[in-house]
Amino acid sequence: MKFASEFRDPALVRTITLNLRKACRGRWKLMEFCGTHTVAIFRYGLRSLLPENLILVSGPGCPVCVTPKAELDRAIYLSGLDSSVIATYGDLVKVPGSEMSLAEKRARGADVRVVYSSYDAVALAERLPDKRVFFVAIGFETTAPSTAAAVIRAEALGLRNFFVLSLHKRTPPVLEALLKRGTSVEGFVCPGHVSAIIGAAPFEPVASHWRRPCVVSGFEPSDVLQALLMLVRQLEDGRSEVEVEYARGVPYHGNRNALKLMDQVFTVTASEWRGLGEVEASGLRLREAFSPFDASAFIDRDIVSLPDPPGCRCGDVLRGDISPSECALFRKNCTPENPVGPCMVSSEGSCATHYLYGDR
Amino acid sequence: MDQVIRLSHGSGGEASRRLVEEIVHTYLDNDVIRRLDDSAVLVLEPGRIAFTTDSYVVDPIFFPGGDIGGLAVNGTVNDLSMVGASPVAITLSLILEEGLPLASLRRILESVRAASAEAGVPVVGGDTKVVGKGSADLVFVNTSGIGVVPAGVDISSSNASPGDVVILSGSIGDHGIAVLSKRQGIDFETDLVSDTAPLNGLVAAMLGVTNSIHAMRDPTRGGLASTLNEIAERSGVGIVVEESAVPVRPAVAEACELLGLDVFYVANEGKLVAFVPAEEANAVLGVMRGTRYGEGSSAIGRVVGDHPGMVVLNTSVGGRRILSPLSGELLPRIC
């Protein structure tokens, strides 16, 4: 914990903030697209410290928020099958699908359990041989390796009742999709935990081809402020490079073992993102060799998803085009108790964060 | 006698009688309860009577530092204390699930006895019901309590006033994390124990130096943030909190980091937050620090006239953010 206290030292934060104010002469718009960054920025009240000419928007960085309703409906469909047990990470159970959320299905008798690790889901399958355990694997590259490890473990244990519904998505392609679509964002605060796995190298095309500087940031307040300072300095200098602020956590070329594991179990596929439509090569699905563990096999029909409720602007929020308070439903019809869209449900969603930490 | 609770134990017949006389009264024994009358008849000092009730459904029923029995007694003693009342007596109602081991019941009753003895508040009556397997989660407890509020004391969540100092009696998050650490599925090692404790002694000490406590509450479910918001809302005032002044044990902070929880929303069971006029703050703080359950007391903030109904946090790194009330459940994050 010494790390934490050092990186949260108020004097250090003050120094970096001063340097940031000094360095920031032009008007710049930056985007962070990691849910944990969104929360860290709000939790420490960092927005109140930024210079006025620095605008920070949140992007598609919350895995729960970017999962389109159609994918959620697939998970909900599985929860209705005989002898099925759904195991997934926390926030996903609250997101509303076309009819209801997994939590509501649970209230109506479905067996839906929150797990803290993919191995817990494997252990569940071992403990309940008469049930079919569907692990709804959500998350970016941060959690994909542990899903891969779980599949390998299930295979080693000879389990026949463990299945993975992969909703994993890849981060660099979504940045490119955003840029291709057109955005006024001028630089990116890149996700620290994703990069702990994939490294910083995958963001090079964003810097070199699209001319947007990228800085991979850690999660302590001084990390984020330092990353912003590094971005501002690049912009003021007219540079566009990939830099790593989170040096203590991110190897430039990523974690070889984790990447190997991911590559062994997953193959890249096109995937749909809320607010962005289909993005090439942005999803992960199980390879043929692991098809006995693929939960998609159980989805034997076309699941028709209802369109998003009228007025829901999660897509616009996720692209960073509007801030939550610009959505007409924010705080009125859409609240954490009664969320309309996923940005309000997930504890790391932009809307939930703005609501909780104060966008009034 | 059987080793487990059976439906017959709640039916009012012979088995019920034996349960009360041979088990319950081993642990709960005083003149009033021994009479076994339909109601306890007490003589109270003249004055305003405080009256409260609470039900306890904590899971697991045995957790580090306590169990549902002690929790229930302390909870009711504290609710009375929070309005400045001196607790006089409590009642204890149990709803037992068929199949509950008798040993567990004994353990809970011993805990009730010990908590009651420490607080100096007798259990003067109660009730026991038994429901079929699956109809309750082992044990549900309800406690009700009465106390007397001394003249001149007027403590209410609507009385906080601009200029008041906000005083917290000790570290936050201990109870919630201790319970969470034992809940199935989340298994992390910790020496943390629940902070469940009776606060009537602490409150009596505070009232000994001042009659002007404006508002006071114990931040249980929903944590400190929820309690502060309730008071801000009801009193129509704003509150500013200094994050660096709020005591948090390192083990609690680490557990919250691990699970993605915000300590301001984690439950406490042996803490209070008091709103006192600025000129009384030092005296109150001083006397609190001299008590067993108040030694970690800290002035954590102030009441202001700005942003009524809203609680603002000056963060430990010098930023500002809003401390909202809790919405929904406390679910750890994904990645």
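### A word on unusual backbone geometry
Then, number 1: Across the junction of B:Asp59 and B:Pro60, the peptide omega takes the value 5°, indicating a cis bond.
Then, number 2: Mapped onto the secondary structure, B:Pro60 falls in the loop between strand E1 (48–56) and strand E2 (62–63).
Then, number 3: The phi angle at A:Arg211 is positive, at roughly 55°, despite the residue not being glycine.
Then, number 4: Topologically, A:Arg211 is positioned in the loop between helix H11 (204–208) and strand E8 (214–216).
Then, number 5: The backbone of B:Leu36 sits at a positive phi, close to 55°, despite the residue not being glycine.
Then, number 6: Within the secondary structure layout, B:Leu36 lies in the loop between helix H2 (31–34) and E1.
Then, number 7: Judged by the 11 C-beta atoms lying within 10 Å of it, B:Leu36 is exposed.

### Digging into the nonpolar core
Then, number 1: Counting 215 residues, the largest nonpolar core has A:Val133, A:Phe134, A:Phe135, A:Val136, A:Leu228, B:Val139 and B:Ala274 as its most contacted members.
Then, number 2: By residue number, the principal contributor to this core is helix H12 (residues 221–237) of chain A, which donates nine residues.

### Details of the interface of chain A and chain B
Then, number 1: Between chain A and chain B, the residue contacts involve 35 residues of the former and 20 residues of the latter.
Then, number 2: When residues of the side of chain A that touches chain B are traced back to their parent elements, those giving at least two are helix H2 (10–23), helix H3 (35–43), helix H4 (63–66) and helix H16 (350–357) of chain A.
Then, number 3: Per-element accounting of the side of chain A that touches chain B gives the leading share, three residues, to H2(A).

### Description of the sheet that holds E1(B)
Residue and element names in this part refer to chain B.
Then, number 1: Taken in spatial order, the four strands line up as E1-E6-E4-E5 in an open sheet, and their pairing is mixed. Looking at strand neighbours, the two that pair on one side only are E1 and strand E5 (123–131), the edges of this open sheet. Strand-to-strand twist in this sheet, taken as the mean axis angle between neighbours without regard to direction, amounts to 15°.
Then, number 2: Where E1 and strand E6 (residues 139–149) come together, nine bridges link them in antiparallel fashion. Paired with Tyr-56 across the two strands is Val-141, which belongs to E6.
Then, number 3: Sheet strands in contact with helix H3 (residues 68–82) are E1, strand E4 (86–97) and E6, and its direction is about 25° off that of E6.

### Observations regarding the domain arrangement of chain A
Residues and elements named next belong to chain A.
Then, number 1: Domain boundaries assigned for chain A yield domain 1 (2–62 + 175–244), domain 2 (64–170 + 255–298) and domain 3 (314–357).
Then, number 2: One C-alpha centre belongs to domain 2, the other to domain 3, and the line joining them spans 25 Å.
Then, number 3: Contacts between the two partners involve eleven residues from domain 2 and, on the opposite side, twelve residues from domain 3.

### Structural notes on the sheet that holds strand E2 (residues 54–58) of chain A
Residue and element names in this part refer to chain A.
Then, number 1: Taken in spatial order, the five strands line up as E2-E1-E7-E8-E9 in an open sheet, and their pairing is parallel. In this open sheet, the two edge strands, each paired with only one partner strand, are E2 and strand E9 (242–244). Averaged over all pairs of adjacent strands, the angle between their axes in this sheet comes to 20°, without regard to strand direction.
Then, number 2: Direction of pairing for strand E1 (residues 28–32) relative to strand E7 (residues 187–190): parallel, over a ladder of three bridges.

### Thoughts on the environment of B:Tyr56
Residue and element names in this part refer to chain B.
Then, number 1: Mapped onto the elements, Tyr-56 comes out in strand E1.
Then, number 2: Sequence separation between Tyr-56 and Leu-71 is 15 residues, and the spatial gap between their C-alpha atoms is 8.0 Å.
Then, number 3: Setting aside chain neighbours within four positions, we find Tyr-56 in contact with Ile-68, Leu-71, Ala-72, Gly-75 and Val-141.

Definitions and limits used
Residues numbered from 1 in each chain as written. Chains lettered and ligands numbered in written order. Predicted model: local features only at pLDDT ≥ 70, side-chain atom pairs only at ≥ 80, totals over all residues. Helix = DSSP H or I, 4+ residues; strand = E, 2+ residues; numbered from the N terminus. Buried ≥ 20, exposed ≤ 12 C-beta atoms within 10 Å, placed from the backbone. Core = buried A, V, L, I, M, F, W, Y, C linked by C-beta atoms within 7 Å. Contact = placed C-beta atoms within 7 Å. Pairing = 2+ DSSP bridges. Axes fitted to C-alpha atoms, helices over the stretch in contact; angles between N-to-C directions. Domains from an automatic or database assignment.

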